[in-house]
Amino acid sequence: MPHNSKHLCHPEAPSAEGPLLRPLPKSRLLAHEISQYIPGGVDSPFRAFNEVGGHTIFFQSGSGAYLYDVDGNKYIDYLGAWGPAILGHAPPSVVSACQAAIAQGAVIGASHESELELAKLVCQAVPSIEKVRFVNSGTEAVMSAVRLARGYKKRDLIIMFEGCYHGHSDSVLASDKHTSSSGIPGSFKQNTLLVPFNDLQALKDCLKAHTKQVAAILIEPVAGSMGVIPPKPDYLEGVRQLANQHDALIIFDEVITGFRLAYGGAQALYNVTPDLTCLGKALAGGMPIGAYGGKKEIMDRLLPLGDVYQAGTFSGNPVTMAGGIETLRALANPDNYTRLEARTHQLFEGVAQIAKTFSSPLQLQRVGSMFSILFAPKPVTNFQESLAIDAHKFAKFFHALLAAGINLPPSAVDAACVSAAHSTADIDETIKLISQALKSS
Ligand code: PMP
């Protein structure tokens, strides 16, 4: 989801929805009716097209690289459900494993062998995770990891980075420079410090100003919600060194990057080891999941062994575990990552050719299969620079593509995702439609 207030509460949200090329009568009716029952008609705010204007579409189903709306239109999808659909929508092996699991009881409320199986797979895939806990969303994973870090270190402060998104728990929404919300007590704000991403000096100064008070540095190793922003060379190593010097933990929020950038996540790609890692999205092939894990010594501070509380009725439920096991079994085959890289490379090569002839500057930013097409004058490396992204131009582009049958995140800044189900023909078609959309933007 797009996560900074600038993009969320854009004063004049662009309404770039052009003439409807595809009939959407049922979507329109449902949108009207649902808004009488659900605030804004959505269960998560960015689904409401706030940033791009116009009306959200009701989808009926997804299969592989495609989505189908309630009016029978087909789309090539790059929203990827905001990250989980790494194998495409409704991957058959995940569907049948979940069906078999649900038939045996969707939730047991006690230990289940599938928890062990998925835990082993996660620990094998991500070596910095010696022990793991399963929860139900990325938000829960980060909230719990932050509490664990604070409890383990017996310190209150955490440092996070402007423009990074970590879900909607109070501690990580506490800054008003970034994603903001009312309803969060001021004391939370005082305990969450913010520094710019990709700026080691700023982190160094912040740690120095709060010596022996910082429990953890919470970071997205690749930022995914202010344009896809890779870490500068040696930046993550520098963060690791500073954390060591100041006796603070590092929490990698790999809710998007985990199992997407590599089987071992961004930490494998950049070869930097965090103390705790948060996972979610791609881990369970579409089933709602979060997970956090790390060093045994830290994880064993959780109840029932230690003094840090975290619990959940649905945590580790057999259906989600089955989805996770099948997803990781599939992703353990490196061909998937070769394919994800090849398809995203193909897409970016094609779009780069088109961008040369486009009148405004476009920044094509990607790491692996996470990508963003930014209407910005120069490459975006931090939140401040992301403010230069032209949300109006993006809105026109987004709607032109949607009308032509390409579904992107409805946000100028959020990561789009290629899946292992996209074919070279899908990518060729996408490049052609992007070329047409840019001409009309
Ligand atoms: N961390 C990151 C990096 C995310 O991108 C997100 C979701 N976009 C979250 C945490 C929160 O995950 P969830 O939406 O599953 O609560």
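Refer to the preceding data block for the structure.
Novice: Could you clarify how one ought to interpret the packing of helix H12 (residues 335-357) against helix H15 (residues 424-440) in this entry?
Specialist: Two numbers describe a pair of packed helices, the interaxial angle and the distance between the axes. For the pair H12 and H15, interaxial distance at closest approach is 9 Å and the crossing angle is 25 degrees. Judged by the angle between their axes, H12 and H15 are roughly parallel. The handedness of the crossing between H12 and H15 is right-handed. Here Arg343, Gln346, Leu347, Gly350, Val351 and Ile354 of H12 lie close against H15, whose contacting residues are Thr424, Ile427, Asp428, Thr430, Ile431, Ile434, Ser435 and Leu438. A class-by-class count of the residues in the contact of H12 with H15 yields seven nonpolar, five polar and two charged.

Novice: Explanation requested: helix H7 (residues 200-209) in the structure shown.
Specialist: Since the α-helix packs 3.6 residues into each turn, any two residues three or four apart lie on the same face. Along H7, the residues classified as buried are Ala202, Leu203, Cys206 and Leu207. Viewed end-on, H7 has its buried residues packed into an arc of 130 degrees, placing them on one side of the element. Residues Lys208 and Ala209 are exposed on H7 and point more than 90 degrees away from its buried face. Buried residues along H7 sit in contact with strand E5 (157-161), strand E6 (192-195), strand E7 (214-219) and helix H8 (235-245). The N-cap of H7, judged by a side-chain oxygen 3.2 Å from the amide nitrogen of glutamine 201 a few residues on, is aspartate 199.

Novice: Before we go on, may I ask you to explain the site of the ligand in this structure?
Specialist: Taken together, the neighbourhood of the ligand is formed by 12 residues, with Gly138, Thr139, Asp253, Ile256 and Lys281 sitting nearest. Here a nitrogen atom of the ligand sits 2.9 Å away from a polar atom, N or O, in the side chain of lysine 281. Isolated, the ligand exposes 390 Å² of accessible area, and the fraction of that covered by the protein chains is 90%. Across the shell around the ligand, the residue classes break down as four nonpolar, five polar and three charged.

Novice: Teacher, can you tell me more about the sheet that holds strand E4 (residues 131-135) here?
Specialist: Consider a sheet: its strands pair through backbone hydrogen bonds, and that pairing is either parallel or antiparallel. Spatially, E4-E10-E9-E8-E7-E5-E6 is the arrangement adopted by the seven strands of the open sheet, whose pairing is mixed. Looking at strand neighbours, the two that pair on one side only are E4 and E6, the edges of this open sheet. The mean inter-strand angle of the sheet, taken between neighbouring strand axes irrespective of direction, is 20 degrees. In the sheet, E4 pairs with strand E10 (residues 290-294) via five bridges, with the strands oriented antiparallel. The residue of E10 that forms the bridge with lysine 131 is glycine 294. Seen against the sheet, helix H5 (residues 138-153) touches E4, E5, E6, E7, strand E8 (249-253), strand E9 (276-279) and E10 and runs at an angle of roughly 165 degrees to E9.

Conventions adopted
- Residues numbered from 1 in each chain as written.
- Predicted model: local features only at pLDDT ≥ 70, side-chain atom pairs only at ≥ 80, totals over all residues.
- Heavy atoms only, no water.
- Axes fitted to C-alpha atoms, helices over the stretch in contact; angles between N-to-C directions.
- Helix = DSSP H or I, 4+ residues; strand = E, 2+ residues; numbered from the N terminus.
- Parallel < 35°, antiparallel > 145°, perpendicular 65-115°, else oblique.
- Left-handed = near helix turned anticlockwise from the far one by under 90°.
- Contact = heavy atoms within 4.5 Å.
- Nonpolar A, V, L, I, M, F, W, Y, C, P; charged D, E, K, R; others polar.
- Buried < 20%, exposed > 50% of the residue type's maximum accessible area, 1.4 Å probe, protein only.
- Arc of directions from axis to C-beta.
- Polar contact = N/O pair within 3.5 Å; in protein donor to acceptor, adjacent residues only side chain to side chain.
- Near = heavy atom within 4 Å.
- Areas by Shrake-Rupley, 256 points an atom, 1.4 Å probe, with all protein chains shown as cover.
- Pairing = 2+ DSSP bridges.

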